[in-house]
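So you can see what is in the structure, the chains are spelled out below.
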Amino acid sequence: MARFLITSALPYINGIKHLGNLAGSMLPADVHARFRRLQGHEVLFLCATDEHGTPAELAAAEAGQDVRAYCDEQHLIQRAACDGFRLSFDHFGRSSNAPNHALTQHFCEKLEAAGLIEERTSKQVYSVDDGRFLPDRYVEGTCPHCAFERARGDQCDNCGRLLDPTELKNPRSKISGSTNLEVRDTAHLFLLQGKMQERIRAWVDASTEWPHLARSIAYKWLDEGLIDRAITRDLSWGVKVTQEGRPRPGFENKVFYVWFDAPIEYIAAGAEWAEATGGNWERWWRTDKGANDVTYVQFMGKDNVAFHTVSFPVTIMGSGEPWKLVDRLKAFNWVTWYGGKFSTSEKRGIFMDRALELLPSDYWRWYLMANAPESSDAAFTLEQFQQTVNADLANVFGNFVNRITRFGASKFDAKVPDGGAPGDLEAKLAKDVAERITALTRHHEDMEFRKAAAELRALWVLGNEYLQVAAPWTAFKTDVDYAAVGVRTGLNLVALFAILAQPFVPDAAKTVLDALNIPEASRSWPKAGDTGLLDTLPRGHAFTPPDVLFKKIEDADVAAWTEMFGGG
RNA sequence: GGUGGCGUAGCUCAGUUGGUUAGAGCGUGGGAUUCAUAACCCCAAGGUCGGUGGUUCAAUUCCACCCGCCACCA
């Protein structure tokens, strides 16, 4: 038994996430967490909403809400959607909660003590009417190079040139449209990442288990040289800046930059979990307090790799304290909607809450993992979704469960039949099943989700192939004992298939295992070398054929959804 | 613009440390079956492995350049 700390990239607070966000971090993290638990390992699976930053403030303003109230509401919405998708977080926290404030301040003070923080003054655009400093991209104006009238303060979308907001002609606030702007001096804390360059490089050198892509991204950043980075902003919503536990002089109206405090929430979510459950979070996060044997696995989208391999490690390692660093990481590409981007504003694509209104979570979970965007972006289309789900879940798995439990119920009184003895056919099946379970287990351990799903499907097919040949419905007429072997083996396969399906389709698996009256203690992952998997159910063990597991998606459904979501 | 990833059957993707007939699922066509959600099972057709050059006895697999898509950085 080992210990696994698993985190998913934190969903940002400004609105419910779409299926692409789900497929790229939260869902695979959940599948992996479930798999490790089933193997008997100890797992702490953490996630949280990332709530600070200007986009949250603007979204709140647009909704006509106070930012705190907005985040409270959005957090609950996202949490409900995560529950609906059966994401089995041990804790789903909030970066705006107290533990993260305390830890963020703690890290900053430790970094300062280590000589990695410097206060610098810079010039920034201040909007008098908005009563606030404006982030670069919230200043709009005319490009000094190409005269494009809607250039952003950081870059001109027309000519592509990088800009400084003070260069813009006729600058205005993107927030209010006000032109009453001034350039003012403002002080900020800078994290001296450059000083950590060699320590980070040595750590990346040693991180040989990372995917090639992750290491090359990290090396690219290191090769270009780490840049000292401002970690505070002139905002009110966020973590206050402190010094020796008190408000830092001159920083009373500033907060930490969201990119600094957000990853710290991974740790703080552990502290929140401890508060809620009485658990010991430091045992998971501090190598001096029991976390030495923990394997830390992170799931994220490809855009986030640099922050997880370089920026956040600078914070953690720079503190000089023995915090747990990532051991294994899994990065995903994007799921696209008919080859294009999901878009909230244009109502393109399906979002988590809407998806659950259409179909149970298992349908989405299966499709998104069987087609996970592992090697490149993966296109989501309703047609492909319909075909995959109908074929894999309804026809191959669901129908297998249905055909054998119904036959067993009608001919053998809904009890696991006695009589007969397994022969060559069953021996061959046992061998094939064992080989595929070995492969399936390896793919889960390697976090190869597409391959794991394909392997699981292949196992289900083995069951159908077996029944086709054993044909207990034919044997029943002439050789009841042989029919009994077929039914008994088939029922054991049902239980086994459901056990193996739990990480991907937990609800359906539970329905099947409940229908077969399989005790909770007997639902764990098979171990290498387990034998007799096809004859574990006691003779006479009663079961109830479950209702149809997966209803098929009809063409009319697809047509209606296409209309609804603007597909194609 | 720089860096990295990707481009393989109608669709979604494996794979090839260079080597006889390039794989899977879906979709399509045919067959078998009736326990089952008109499901399952078997068989078949389908690809000049993005393009152009190069290295090699041999390249889809290595190299160069080009085209297209994606991401990050500037």
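Residues numbered from 1 in each chain as written. Chains lettered and ligands numbered in written order. Predicted model: local features only at pLDDT ≥ 70, side-chain atom pairs only at ≥ 80, totals over all residues. Heavy atoms only, no water.

Mapped onto the secondary structure, Q243 falls in strand β12 (residues 242–243). Considered as a pair, Q243 and L189 are 54 residues apart in the sequence and their alpha carbons are 12 Å apart. (Helix = DSSP H or I, 4+ residues; strand = E, 2+ residues; numbered from the N terminus.)

Here the focus is the packing of helix α11 (residues 361–370) against helix α12 (residues 382–412). The geometry of α11 relative to α12 is characterised by a closest axis approach of 10 Å and an angle of 100° between their N-to-C directions. Considered as vectors, α11 and α12 are oriented roughly perpendicular to each other. The residues of α12 that touch α11, namely those facing D362, Y363, W364, W366 and Y367, are Q384, F385, T388, V389, D392 and L393. (Axes fitted to C-alpha atoms, helices over the stretch in contact; angles between N-to-C directions. Parallel < 35°, antiparallel > 145°, perpendicular 65-115°, else oblique. Contact = heavy atoms within 4.5 Å.)

Attention shifts here to the nonpolar core. By size, the foremost hydrophobic cluster in this structure holds 159 residues, and its most contacted members are L19, W285, W364, F380 and F385. In contact with L19, not counting residues within four places along its chain, are F85, F342, I350, A355, W364, L368 and F380. Among the nonpolar cores identified, the runner-up in size contains 9 residues, and Y12, I13, A59 and Y70 belong to it. (Core = buried A, V, L, I, M, F, W, Y, C linked by side-chain atoms within 4.5 Å. Buried < 20%, exposed > 50% of the residue type's maximum accessible area, 1.4 Å probe, protein only.)

This part is about unusual backbone geometry. Although it is not a glycine, D413 sits at a positive phi angle of roughly 65°. Checked against the element boundaries, D413 lands in the loop between α12 and α13 (424–445).

Another aspect to go through is the state of the cysteines. Under the counting rule described, the total for this entry stands at 0 disulfides. Note on C82: no disulfide assigned, nearest cysteine sulfur contributed by C47 at a separation of 6.3 Å. (Disulfide = S-S within 2.5 Å.)

With antiparallel pairing, the 3 strands of this open sheet are ordered in space as β7-β6-β8. Each end of this open sheet is capped by a strand with a single partner; those strands are β7 (151–152) and β8 (169–173). In this structure, strand β6 (residues 139–142) lies alongside β7, joined through 2 bridges in antiparallel fashion. Counted as the bridge partner of E140 is R152 from β7. (Pairing = 2+ DSSP bridges.)

One can find D90 in the loop between α3 (67–84) and β3 (91–94). Under the relative-accessibility criterion, D90 is labelled partly exposed at 30%. The spatial distance from the C-alpha of D90 to the C-alpha of I6 is 9.9 Å, given a sequence separation of 84 residues. Leave out the neighbours within four places in its chain, and D90 touches R37, V43, L44, F45 and W273. Here the side chain of D90 touches R37 through a polar contact of 3.4 Å, side chain to side chain. There is a polar contact of 2.7 Å between the side chain of D90 and the backbone nitrogen of F45. (Polar contact = N/O pair within 3.5 Å; in protein donor to acceptor, adjacent residues only side chain to side chain.)

Here K330 lies in strand β16 (residues 328–332). On the basis of relative accessibility, which here comes to 11%, the residue K330 falls in the buried class. With residues near it in sequence (within four places) discarded, K330 still touches Q298, F299, M300, E374, M447, E448 and F449.

Quick look at the sheet that holds strand β2 (residues 42–49) now. Strand pairing in a sheet is mediated by backbone hydrogen bonds. Such pairs are either parallel or antiparallel. Strand order in the open sheet made by the 5 strands is β3-β2-β1-β15-β16, with parallel pairing throughout. Each edge of the sheet is formed by a strand with only one pairing partner; in this case those strands are β3 and β16. Strand-to-strand twist across the sheet, computed as the mean angle between neighbouring axes with direction ignored, equals 20°. Here strand β1 (residues 3–8) pairs with β2 via 5 bridges, running parallel. Opposite F4, over in β2, you have V43 as the bridge partner. Packing of helix α9 (residues 305–318) onto the sheet brings it into contact with β15 (294–301) and β16, and relative to β15 it is tilted by some 135°.

Below, the discussion takes up the side chain of D392. If you trace the backbone, D392 turns up in helix α12. A distance of 2.5 Å separates the side chain of D392 from the side chain of R457, its partner in a polar contact. Setting aside residues up to four positions removed in sequence, D392 forms contacts with W366, F397, R457 and W460.

A few words now on the protein's contact with RNA strand B. Neighbouring residues of RNA strand B: 39 residues in total, closest K302, S375, N399, R403 and F550. Near the protein, meaning within 4 Å, the atoms of RNA strand B are sugar or phosphate in a fraction of 81%, with bases accounting for the rest. Contact distances for RNA strand B include 2.9 Å between a sugar or linking oxygen and a side-chain N or O atom of R457. Here a sugar or linking oxygen of RNA strand B and a side-chain polar atom of N464 are 3.4 Å apart. Elements represented by at least two residues in the surface near RNA strand B include exactly α6 (212–224), β18 (378–380), α12 and α14 (449–470). The leading source of residues in the surface near RNA strand B is α12, at 11 residues. Residue composition of the surface near RNA strand B, grouped by class: 14 nonpolar, 12 polar and 13 charged. (Near = heavy atom within 4 Å. Nonpolar A, V, L, I, M, F, W, Y, C, P; charged D, E, K, R; others polar.)

Turning to the confidence of the model for chain A, a few remarks are in order. With 97% of its residues at a pLDDT of at least 70, chain A reaches an overall mean of 91. The ipTM for the predicted assembly is 0.90, set against a pTM of 0.94. (pLDDT = per-residue confidence, 0-100.)

Applying the stated criterion to the full structure yields 28 aromatic pairs. Consider the rings of W364 and F385, whose centres lie 4.4 Å apart with planes at 10°: the pair is stacked. In this pair, W364 is assigned in helix α11 and F385 in helix α12, connecting sequence segments 21 residues apart. Classification of W364 by relative accessible area gives buried; the value is 0%. For F385, a relative accessible area of 0% corresponds to the buried category. (Phe/Tyr/Trp six-rings, centres within 6.5 Å; stacked < 30°, edge-to-face > 60°.)

With that settled, consider the packing of helix α1 (residues 19–38) against α13. Packing of α1 against α13 brings their axes to within 10 Å, and their N-to-C directions diverge by 125°. Between α1 and α13, the crossing angle belongs to the class labelled oblique. At the point where α1 passes α13, the crossing takes the left-handed sense. Listed contacts from α13 to V31, H32, F35 and R36 of α1 are T441, H444 and E445. Broken down by class, the residue content of the contact of α1 with α13 amounts to 2 nonpolar, 3 polar and 2 charged. (Left-handed = near helix turned anticlockwise from the far one by under 90°.)

Bending of α1 peaks at approximately 40° at the position of M26, with proline P28 no more than four residues after it. Burial runs high along α1: 18 of the 20 residues are buried. The first or second residue beyond α1 is G40, which carries a positive phi of 95°. (Bend = angle between axes of the 7 residues up to and from the residue.)

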